[in-house]
Amino acid sequence: MNSIVENLSHVQLRIRTACKQHQRDFSSVRLIAVSKTKPATDVATAFNAGQVDFGENYLQEAALKVETLPAAQWHFIGAIQSNKTREIAERFSYVHGVSTLKVAKRLSDQRPRSLPPLGVFFQVNIDDEATKSGTSAEQLVGLIKACINLPQLSLLGLMAIPRASNDSLTQRRQFRKLALLRQSIATQLGLIDFKELSMGMSNDLEAAIAEGATWVRIGTAIFGPRNTNTLSTTIT
Ligand SMILES: *Cc1c(COP(=O)(O)O)cnc(C)c1O
């Protein structure tokens, strides 16, 4: 069997095992295969093995892959520059890193009316790290409130990339923060569909599932180590 196909089924097994351990339905956790730095042929291999959702960080690099496989569901998971919002709004089904009103407004304005609303996750800087994008927990309610009436956005939930840790209790504590924030915002703002939690990567998906992740974003465990040479030429 091809190693990507093998890796994919191993990741699915990890998700299934974590779901079982935490009394969750397997279908409540969805998998985004993060294909950044990987060629379109790798994406096609995973797609042909049944993987539908793919995540990309860099627009320029994603364009060809999205064109090659329009039947896949594309998630933009990278940092969003406001001069790139049109391409994101036109090519992707979901955006995981919204953290400013300016970007949210542009995405809504630029989302073609012929497409369903763009699925939006707000990124929270859960460790308050100076170097990381995302809004602070304090600013989050105001931001989301201001986005409720943007017509071409569907506000789905929260996303975070906690500081890397190999300790599962530390991982869970950070994911729990995000889960509690989501709950509190959904209640405060009366958002009944604000249910999604995009959290968990190759190294911490079990902890994320334990704390309620509904989307996990997995790169290395499916596609292998990133091609750093590709990365350096495609960062814009
Ligand atoms: C690269 C990336 C991932 C995948 O990380 P892995 O550790 O390779 O699974 C997930 N989320 C975001 C936002 C990423 O940039």
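Refer to the structure above for everything that follows.
Source: prediction; values computed, not measured.

Chemist: Account for the layout of surface pockets, naming residues and giving values.
Modeler: Size it by volume and the largest pocket reaches roughly 470 Å³. Taken together, 27 residues make up the lining of the largest pocket; nearest its centre are Asn57, Tyr58, Ile77, Gly78 and Ala79. By residue class, the composition of the lining of the largest pocket is 12 nonpolar, 10 polar and five charged. A volume near 180 Å³ is recorded for the second largest pocket. Elements that contribute at least two residues to the lining of the second largest pocket include exactly α1 (3-21) and β1 (30-34). Its residues assigned to classes, the lining of the second largest pocket comprises five nonpolar, four polar and two charged.

Chemist: I'd like a description of the environment of His96, backed by residues and values.
Modeler: One can find His96 in strand β4 (residues 94-98). In this structure His96 comes out as buried when scored by relative accessible area, which is 0%. When the C-alpha atoms of His96 and Ile77 are compared, they prove to be 5.0 Å apart, with 19 residues separating the residues in sequence. Side chain to side chain, His96 and His75 meet in a polar contact 2.8 Å long.

Chemist: Go over the side chain of Gln171 with me, naming the residues and quoting the values.
Modeler: Among the secondary structure elements, Gln171 is positioned in helix α7 (residues 168-189). By relative accessible area, which is 9% here, Gln171 ends up buried. At a separation of 2.7 Å, a polar atom in the side chain of Gln171 contacts the main-chain carbonyl oxygen of Ser165. Each residue touching Gln171, except ones within four places of it in the same chain, is listed here: Ser165, Asn166, Asn203, Asp204 and Ala207.

Chemist: Run through the side chain of Gln51, naming residues and quoting values.
Modeler: Within the secondary structure, Gln51 is located in the loop between α2 (40-48) and β2 (53-56). At 2.8 Å, the side chain of Gln51 and the backbone oxygen of Asp53 are in polar contact. With near-sequence residues (within four places) excluded, Gln51 lies in contact with Leu8, Leu31, Ile32, Ala33 and Ala46.

Chemist: Can you break down empty space enclosed by the protein residue by residue, with the values?
Modeler: Counted according to the given criterion, the structure contains one cavity of 30 Å³ or more. Within this model, the largest cavity holds a volume of roughly 40 Å³. Looking at the largest cavity, the residues that line it are Pro162, Arg163, Ser165, Thr170, Gln171, Gln174, Phe175 and Asp204. The class makeup of the residues in the lining of the largest cavity is two nonpolar, four polar and two charged.

Chemist: Can you lay out the site of the ligand for me, pointing to particular residues and giving the numbers?
Modeler: In the region of the ligand, 13 residues are neighbours, and Lys36, Asn57, Ser202, Thr220 and Arg226 sit closest. Within the contact set of the ligand, an oxygen atom lies 2.6 Å away from a side-chain nitrogen or oxygen of Lys36. Take Thr220: an N or O atom from its side chain is 2.5 Å from an oxygen atom of the ligand. Here the ligand has 390 Å² of accessible area as a free molecule, and 90% of this is covered by the chains. The pocket occupied by the ligand, as judged from atoms lying within 2 Å of grid points, is the largest pocket.

Definitions and cut-offs
- Residues numbered from 1 in each chain as written.
- Predicted model: local features only at pLDDT ≥ 70, side-chain atom pairs only at ≥ 80, totals over all residues.
- Heavy atoms only, no water.
- 1 Å grid on protein atoms, 1.4 Å probe; cavity = no way out; pocket = protein on both sides within 12 Å on 5 of 7 lines; lining within 4 Å.
- Points joined across faces, edges and corners; volume = space filled by probe spheres on them.
- Nonpolar A, V, L, I, M, F, W, Y, C, P; charged D, E, K, R; others polar.
- Helix = DSSP H or I, 4+ residues; strand = E, 2+ residues; numbered from the N terminus.
- Buried < 20%, exposed > 50% of the residue type's maximum accessible area, 1.4 Å probe, protein only.
- Polar contact = N/O pair within 3.5 Å; in protein donor to acceptor, adjacent residues only side chain to side chain.
- Contact = heavy atoms within 4.5 Å.
- Near = heavy atom within 4 Å.
- Areas by Shrake-Rupley, 256 points an atom, 1.4 Å probe, with all protein chains shown as cover.
- Sits in = over half its atoms within 2 Å of the grid points.

That's the geometry; what it means functionally is another story.
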